[in-house]
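Here is what each chain is made of, one letter per residue.
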Amino acid sequence: MLLRPLSLADTDAIDLVAERMRATLIEVEGEEAGGTMYSMDWLRERVRWHLDGRAAEVVVAADEAGVIVGHTIYRVESDADSVTAGLHAAPFGLISTTYVVPEARRLGVAQRLLAHAEAWFLECRVPFACTWTSETNMPLIGLYGRNGYVESERGPNQLTQTMMVRLTKALSA
Ligand SMILES: CC(C)(COP(=O)(O)OP(=O)(O)OC[C@H]1O[C@@H](n2cnc3c(N)ncnc32)[C@H](O)[C@@H]1OP(=O)(O)O)[C@@H](O)C(=O)NCCC(=O)NCCS
């Protein structure tokens with residue numbers, strides 16, 4: 001398995017990641033809500049936004065034949081609510097999304113992608129990492145749980161009303 005950070009020049013891979021972001025939404029939120037939440041143009045732009053010079057990476061995992069079987073997107077983030085309230089908001093590592101094709105699951109691909117994200121966060125010297133997911137997403141909660149993440153917050157997704165949990169872990173070198 002080879003992990004590779006994308007650049008804006010990787011247009012085919014960017015399209016693939018956008019399609020799989022939609023597949024993730026459908027798998028987690030269901031066909032109706034997940035399939036209509038964002039247009040493909042919006043999803044593609046969202047991938048490109050992460051590659052547009054900000055502190056972020058889009059990383060794909062390719063098998064021995066070069067086929068992309070998974071991806072993750074992560075960035076350094078500040079807490080928008082705290083910034084709006086005029087409070088100091090220390091940057092932290094946010095893993096925005098992770099997806100592995102069904103045929104390649106339970107082979108450790110997501111585990112490799114998560115370790116890659118955490119190593120990058122350590123280089124960025126952020127004090128903690130987190131992700132958000134649906135409270136019913138047991139595969140993802142299992143993955144993060146075995147890596148030391150604990151629930152630190154919960155609240156409904158504003159678009160779907162799905163109950164979301166924030167999973168957080170302190171980072172140290
Ligand atoms: C969640 C997901 C990324 C896991 O990918 P994966 O490559 O299969 O995960 P790994 O093989 O690295 O699994 C590592 C550990 O995570 C946990 N885990 C993974 N899948 C699990 C499952 N179906 N049930 C319970 N625990 C699971 C286990 O602890 C596993 O270790 P083990 O296989 O030794 O028991 C994958 O199932 C997926 O793409 N799901 C759909 C997209 C999604 O929900 N993304 C997150 C949106 S926020």
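The sections below set out a description of the structure shown in this document. On a predicted model such as this, the values are computed, not experimentally measured, just so you know.

## A few points about unusual backbone geometry
What you tend to see is this: most non-glycine residues have negative phi, and most peptide bonds are trans.
Point 1. Even without a glycine there, the phi angle at arginine 106 is positive, about 60°.
Point 2. Following the sequence through the fold, arginine 106 ends up in the loop between β4 (92-100) and α5 (109-124).
Point 3. Arginine 106 gets classed as exposed once you look at its relative accessible area, which sits at 84%.
Point 4. Backbone geometry places glutamine 161, a non-glycine residue, at a positive phi of 70°.
Point 5. Within the element layout of this structure, glutamine 161 appears in the loop between β6 (150-156) and β7 (163-170).

## Section: helix α6 (residues 138-146)
Point 1. Within α6, the full set of buried residues consists of Leu140, Leu143 and Tyr144. Mapping the buried residues of α6 onto a view down its axis gives an arc of 90°, with all of them on the same face. Of the residues in α6, the exposed ones pointing more than 90 degrees away from the buried face are Met138 and Arg146.
Point 2. Those residues of α6 hidden inside the fold are in contact with β4, α5, β5 (128-134) and β7.

## Regarding the sheet that holds strand β2 (residues 56-62)
Point 1. Strand order in this open sheet of seven strands is β1-β2-β3-β4-β5-β7-β6, and the pairing throughout is mixed. If you trace the sheet from one side to the other, it starts and ends with β1 (2-5) and β6, each paired once. Averaged over all neighbouring strand pairs, the angle between strand axes comes to 25°, with direction disregarded.
Point 2. Looking at chain direction, β4 and β5 are connected through three bridges and run parallel. Paired with leucine 94 across the two strands is cysteine 130, which belongs to β5.
Point 3. Against the sheet, helix α3 (residues 40-50) makes contact with β2 and β3 (68-77), and its axis sits at roughly 60° relative to β3, the strand it touches most.
Point 4. In the packing of α6 onto the sheet, the strands contacted are β4, β5 and β7, and the crossing angle to β5 comes to about 160°.

## As for the packing of aromatic side chains
Point 1. Enumeration over the complete set of coordinates arrives at six aromatic pairs.
Point 2. Ring geometry for tyrosine 38 versus tryptophan 42: centroids 4.1 Å apart, planes at 15°, classification stacked.
Point 3. The exposure class assigned to tyrosine 38 is partly exposed, which follows from its relative accessible area of 26%.
Point 4. Exposure remark for tryptophan 42: the relative accessible area of 39% places this residue in the partly exposed category.
Point 5. Aromatic ring contacts, followed pair by pair, group Tyr74, Trp120 and Phe121 into a single cluster.
Point 6. Seen from the ring of tryptophan 49, arginine 46 lies directly overhead, with NZ or CZ sitting 4.3 Å from the centre.
Point 7. If you follow arginine 54 out to its NZ or CZ, it ends over the ring of tryptophan 49, 3.9 Å from the centre.

Cut-off values and rules
- Residues numbered from 1 in each chain as written.
- Predicted model: local features only at pLDDT ≥ 70, side-chain atom pairs only at ≥ 80, totals over all residues.
- Heavy atoms only, no water.
- Helix = DSSP H or I, 4+ residues; strand = E, 2+ residues; numbered from the N terminus.
- Buried < 20%, exposed > 50% of the residue type's maximum accessible area, 1.4 Å probe, protein only.
- Arc of directions from axis to C-beta.
- Contact = heavy atoms within 4.5 Å.
- Pairing = 2+ DSSP bridges.
- Axes fitted to C-alpha atoms, helices over the stretch in contact; angles between N-to-C directions.
- Phe/Tyr/Trp six-rings, centres within 6.5 Å; stacked < 30°, edge-to-face > 60°.
- Lys NZ or Arg CZ within 6 Å of the ring centre and 35° of its normal.

Any functional reading would require information beyond the geometric quantities listed.
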